[in-house]
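Each chain is listed here by its residues.
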Amino acid sequence: MASAAAPTAAVPTVVPPLEQLRRLAVELRLLLPGLRVGEAQETTKEFNPETFWRKLNEAAVNVAREATTLTEVFSRVPLPSPQETKRFCEQVHAAIKAITAVYYSLPKDRGITLRKLVRNATLDIVGGMAQLVDVLFITPGQSPDSSDLISYNSVWTACQQVPRIPKDNKAAALSMLTKSVDLVKDAHEEMEQAMEECDPYCGLLNDTEDNSDSHSDEEDDRLGFPNNRDLYWSEEDQELIIPCLALVRASKACLKKIRISVAENGKKDQVAQLDDIVDISDEISPSVDDLALSIYPPMCHLTVRINSAKLVSVLKKALEITKASHVTPQPEDSWIPLLINAVDQCMNRIKELTQSELEL
């Protein structure tokens with residue numbers, strides 16, 4: 001009688017190195033949505049800022065090291081064996097999980113603005129590592145080319161930024177306010193330059209102008225090329241731009257004064273009020289951009305009026321929140337009423353110049 005066949009031992013599945021890289025990239029990208037909305041972990045342990053920043057810096061150094069190792073071993077032939085690749089991928093995944101765990105350990109009561117900066121830095125690191133793994137998967141065993149180096153440098157640069165993150169919510173608020181001031185300053189300078197040149201599209205339509213001899217005006221209209229009405233401001237347009245520029249200048253002054261008040265009077269333990277100031281101040285630059293874009297020809301005066309009103313609303317709210325906070329110890333004697341008055345004057349002039357649009 002034949003004896004029963006002995007059971008065959010299960011053979012472990014060997015995953016090819018490149019497939020392991022592909023899976024790692026997918027796993028890293030799956031971490032991003034959770035990071036974007038990630039809540040702080042509940043814990044009974046007392047938060048230690050020094051320990052937190054030390055762990056975050058160490059985790060960033062570790063990620064940069066793993067990015068270097070991975071780039072080196074997958075940029076030459078032969079590629080690592082499946083077993084070696086498994087170890088490399090596990091080390092990368094562990095390094096990324098470690099830095100995300102440190103981020104999640106930062107409590108909300110340290111400040112929402114501070115958490116946003118740490119979150120953004122963590123997102124840059126995780127996203128950069130996923131991009132690097134993607135590039136190595138697509139072009140394995142090749143000397144690092146420009147795409148490899150760009151991906152590697154993005155991870156390395158993101159890790160290098162970690163020690164530069166502000167260490168408390170007041171410093172984080174000042175960092176964000178400075179960024180907003182710079183953005184509004186740039187928008188104001190672009191508007192002024194366009195006005196001085198009286199040519200808002202200078203340098204953008206040279207190709208069209210070079211071919212002007214070969215196209216009639218009728219043909220240009222049919223092909224969608226802009227005509228003179230679309231390229232230049234009328235006298236009425238230029239008159240309206242003047243109070244718009246003044247309003248953007250007032251926006252810059254508001255942000256500068258808010259930043260100074262936070263720097264001089266802001267208290268690190270008043271995290272909620274600092275967060276409120278930053279949140280509303282963050283809306284100023286996008287509102288300035290909307291107004292700046294609406295002044296380019298062909299200008300719609302009604303759109304300019306609407307965007308101006310939106311900006312004024314944001315500015316007044318920012319000033320009122322600042323006035324009610326601890327950074328303005330004597331609101332009755334402050335600079336805030338002067339700026340509100342300046343903003344109102346700009347808006348009143350814009351209303352005067354656009355009143356005819358409402359009567360049509």
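Residues numbered from 1 in each chain as written. Predicted model: local features only at pLDDT ≥ 70, side-chain atom pairs only at ≥ 80, totals over all residues. Heavy atoms only, no water.

## Here's the deal with the packing of helix 13 (residues 301-324) against helix 14 (residues 336-359)
Test applied: Angular values range over 0 to 180 degrees, each being the angle between N-to-C directions of two axes fitted as lines to C-alpha atoms, with helices fitted over their stretch in contact. Secondary structure follows DSSP: runs of H or I at least 4 residues long count as helices, runs of E at least 2 residues long count as strands, and numbering of each begins at the N terminus. Our angle categories are set so that under 35 degrees counts as roughly parallel, over 145 as roughly antiparallel, 65 to 115 as roughly perpendicular, and the remainder as oblique. For any helix crossing, the convention is left-handed if the near helix is rotated counterclockwise from the far helix by under a right angle, and right-handed if that rotation is clockwise. Any residue outside Ala, Val, Leu, Ile, Met, Phe, Trp, Tyr, Cys, Pro, Asp, Glu, Lys and Arg is labelled polar, Gly included; the first ten of those are nonpolar and the last four are charged.
Look at helix 13 against helix 14: their axes get within 10 Å of each other, and the N-to-C directions meet at 165°. Classed by the angle they form, the pair helix 13 and helix 14 counts as roughly antiparallel. The hand of the helix 13/helix 14 crossing is left-handed. Tallied by class, residues from the contact of helix 13 with helix 14 come to 13 nonpolar, five polar and seven charged.

## Focus: the nonpolar core
To keep things clear, this is the line we draw: Definition used in this section: a nonpolar core is a set of buried Ala, Val, Leu, Ile, Met, Phe, Trp, Tyr and Cys residues joined via side-chain atoms within 4.5 Å. In this scheme, a residue with accessible area under 20% of its type's maximum is buried, one over 50% is exposed, and one in between is partly exposed, where area comes from a 1.4 Å probe on protein chains only.
Counting residues in hydrophobic clusters, the biggest one holds 49 residues, and the most contacted among them are L56, V63 and M129. Per-element accounting of this core gives the leading share, 12 residues, to helix 4 (residues 112-138). With 45 residues, the next largest nonpolar core counts A187, I241, C244 and L339 among its residues.

## A few points about the packing of aromatic side chains
Stated formally: Centres within 6.5 Å make a pair out of two Phe, Tyr or Trp rings, where for Trp the six-membered ring is used; the pair is then stacked when the planes are under 30 degrees apart, edge-to-face when over 60, and tilted otherwise. When the NZ atom of lysine or the CZ atom of arginine is within 6 Å of a ring's centre and also within 35 degrees of its normal, the charge is said to sit over that ring.
Counted by the stated rule, this structure contains three aromatic pairs. Judged by centre distance (5.7 Å) and plane angle (50°), the ring pair of F47 and F52 falls under tilted. Arranged with centres 5.3 Å apart and planes meeting at 45°, the rings of Y103 and Y104 form a pair that is tilted. Through a chain of ring-to-ring contacts, three or more aromatic side chains come together here, namely F47, F52 and W53. Above the ring of F88, the side-chain terminus of R87 is found at 4.7 Å from the ring centroid. Here the basic side chain of K167 rests over the ring of W53, its NZ or CZ set 4.9 Å away from the ring centre.

## What about the packing of helix 6 (residues 169-197) against helix 12 (residues 284-294)?
Put simply, the rule is: Here a residue-residue contact requires only that any non-hydrogen atoms of the pair lie within 4.5 Å.
Remark: helix 6 packs on helix 12, axes separated minimally by 9 Å, with the N-to-C direction vectors making an angle of 15°. Here helix 6 is positioned roughly parallel relative to helix 12, judged by the angle of their axes. Note that helix 6 runs across helix 12; the crossing there is left-handed. The residues of helix 12 that touch helix 6, namely those facing L183, V184, A187 and M191, are I284, S285, V288, D289 and A292. Taken together, the residues of the contact of helix 6 with helix 12 sort by class into seven nonpolar, one polar and one charged.

## So, the side chain of S287
Condition: Identification of polar contacts relies on pairs of N or O atoms within 3.5 Å, with a donor-acceptor requirement for protein atoms, meaning one able to donate a hydrogen and the other able to accept it, and with residues adjacent in sequence counted only if both atoms are side-chain atoms.
Of note, S287 is situated in helix 12. Among the polar contacts made by the side chain of S287, one reaches the main-chain carbonyl oxygen of E283 at a distance of 2.9 Å. With residues near it in sequence (within four places) discarded, S287 still touches L311 and V314.

## Examining the pattern of salt bridges
Here is the rule: Salt bridges are defined by distance alone: a side-chain nitrogen of Lys or Arg within 4 Å of a carboxyl oxygen of Asp or Glu.
Following the criterion strictly, the structure yields 11 salt bridges and no others. Across the pair R23 and E19 runs a salt bridge, and its minimum N-O distance is 3.0 Å. Within this pair, R23 and its partner E19 are both found in helix 1 (residues 17-36), separated by four residues, close to a single helical turn. One salt bridge connects D168 with K268, and the closest N-O pair in it is separated by 3.6 Å. Here K268 lies in the loop between helix 10 (235-265) and helix 11 (271-281) and D168 lies in the loop between helix 5 (146-161) and helix 6, a separation of 100 residues in the sequence. Residue D168 is classed as buried on the basis of its relative accessible area, which comes to 19%. Look at the salt bridges and you will find they share partners, linking E19, R22 and R23 into a network.

## Some remarks on unusual backbone geometry
That bond from V77 to P78 is cis: its omega, 0°, falls within 30 degrees of zero. Relative to the helices and strands, P78 is located in the loop between helix 2 (49-73) and helix 3 (82-104). Note the cis peptide between P297 and P298, where omega equals 0°. Checked against the element boundaries, P298 lands in the loop between helix 12 and helix 13.

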